[in-house]
Amino acid sequence: MAADELDFWSFVELANHRLSEEYGFQHQLATEVLLALNRASNIVTYDLEAAVHRPRGRSWSGFRLLFVTWLAGPLEAKKAAELTGMSRAAVSNLTKTLVGDGMLERTPGEHDGRSVLLSLTERGQHEMLEVFQAQNEREHEWTSVLTEAEQRILVMLLDKLITNRDQFDIRGRN
């Protein structure tokens, strides 16, 4: 099949065949699982950002920081980085923008003069209620193709992947 005729799944099939037959790799299903997982994540994330967040002048990263702060805050920037899966530098940069937009407040930490607590402003609280209403409707549209049982199984399987990552030398943030 010519490259211009490939779609995602025919590419995965081609990749599995070539990796196995030409290069001798043995774990094609592992490759397929992670290709599909990454593709699904990228498609859903892009859609949520394009349909919900960009029209409101926000990025996906900005939403993640606001979401975590909204539901778990006030919290230290270090904890916000951990919960969002972002670096501390990314959280710091986003915080500056969101403080400037009147969405977040930074206050000195209670235990350490170097740490800061992040919390939503009143404006941030109102925006998160509105934004999450739209996001949650879009999430429902995405997941409605699965039964409730399938959704629970998918969450269970993803949890299993995430929580068992300590069995090998994983790289990256929490």
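See the structure above.
In this text the structure is predicted, and so the values were computed from the model without any measurement.

Draft legend 1. Spatial organisation of a nonpolar patch on the surface. On the surface, Leu 29, Val 33, Leu 34, Leu 37, Leu 154, Leu 158, Leu 161 and Ile 162 cluster together into a nonpolar patch covering about 680 Å² of accessible area. Along the polypeptide, Leu 34 turns up in helix α2 (residues 28–53).

Draft legend 2. Looking closely at the pattern of salt bridges. The final tally for this structure, using the stated rule, is nine salt bridges. For Arg 56, the salt bridge identified is with Glu 130, shortest N-O distance 3.5 Å. Here Glu 130 lies in helix α6 (residues 122–143) and Arg 56 lies in the loop between α2 and α3 (60–72), a separation of 74 residues in the sequence. A relative accessible area of 31% places Arg 56 in the partly exposed class. With relative accessibility at 48%, the residue Glu 130 sits in the partly exposed group. In this structure, Asp 101 engages Arg 58 in a salt bridge whose closest nitrogen and oxygen atoms are separated by 2.9 Å. Taken as a pair, Asp 101 in the loop between α5 (88–100) and β2 (104–108) and Arg 58 in the loop between α2 and α3 lie far apart in primary sequence, 43 residues in all. Since its relative accessible area comes to 11%, Arg 58 is described here as buried.

Draft legend 3. Representation of unusual backbone geometry in the model. In the segment running from Gly 73 into Pro 74, the intervening peptide bond is cis, with an omega of -5 degrees. Along the chain, Pro 74 turns up in the loop between α3 and β1 (75–76).

Draft legend 4. Main features of the environment of Lys 78. As for its placement among the helices and strands, Lys 78 is situated in helix α4 (residues 77–84). In sequence terms Lys 78 and Val 91 are 13 residues apart; their C-alpha atoms lie 8.3 Å from each other.

Rules behind the numbers
Along each chain, the written sequence defines residue order, and numbers are assigned to residues from 1. Given that the model is predicted, a residue must reach a pLDDT of at least 70 before its local features are reported, and side-chain atom pairs must reach 80 or more before they are shown or counted; all residues, however, enter totals for whole chains, interfaces and linings. Only heavy atoms go into the side-chain values, all of them from the structure, while hydrogens and water stay out. Note that patches include only residues with greater than 30% relative accessible area and no salt bridge, and the join distances are 9 Å for like charges and 5 Å for nonpolar side chains (Val, Leu, Ile, Met, Phe, Trp, Tyr). Note on areas: Shrake-Rupley with a 1.4 Å probe; residue coverage comes only from the protein chains shown. Salt bridges are defined as contacts in which a side-chain nitrogen from Lys or Arg sits within 4 Å of a carboxyl oxygen from Asp or Glu. Helix numbering and strand numbering both begin at the N terminus, where a helix is a DSSP run of H or I of at least 4 residues and a strand a DSSP run of E of at least 2. Think of it in three bands: with a 1.4 Å probe and only protein chains considered, a residue is buried below 20% of the maximum accessible area for its type, exposed above 50%, and partly exposed in between.

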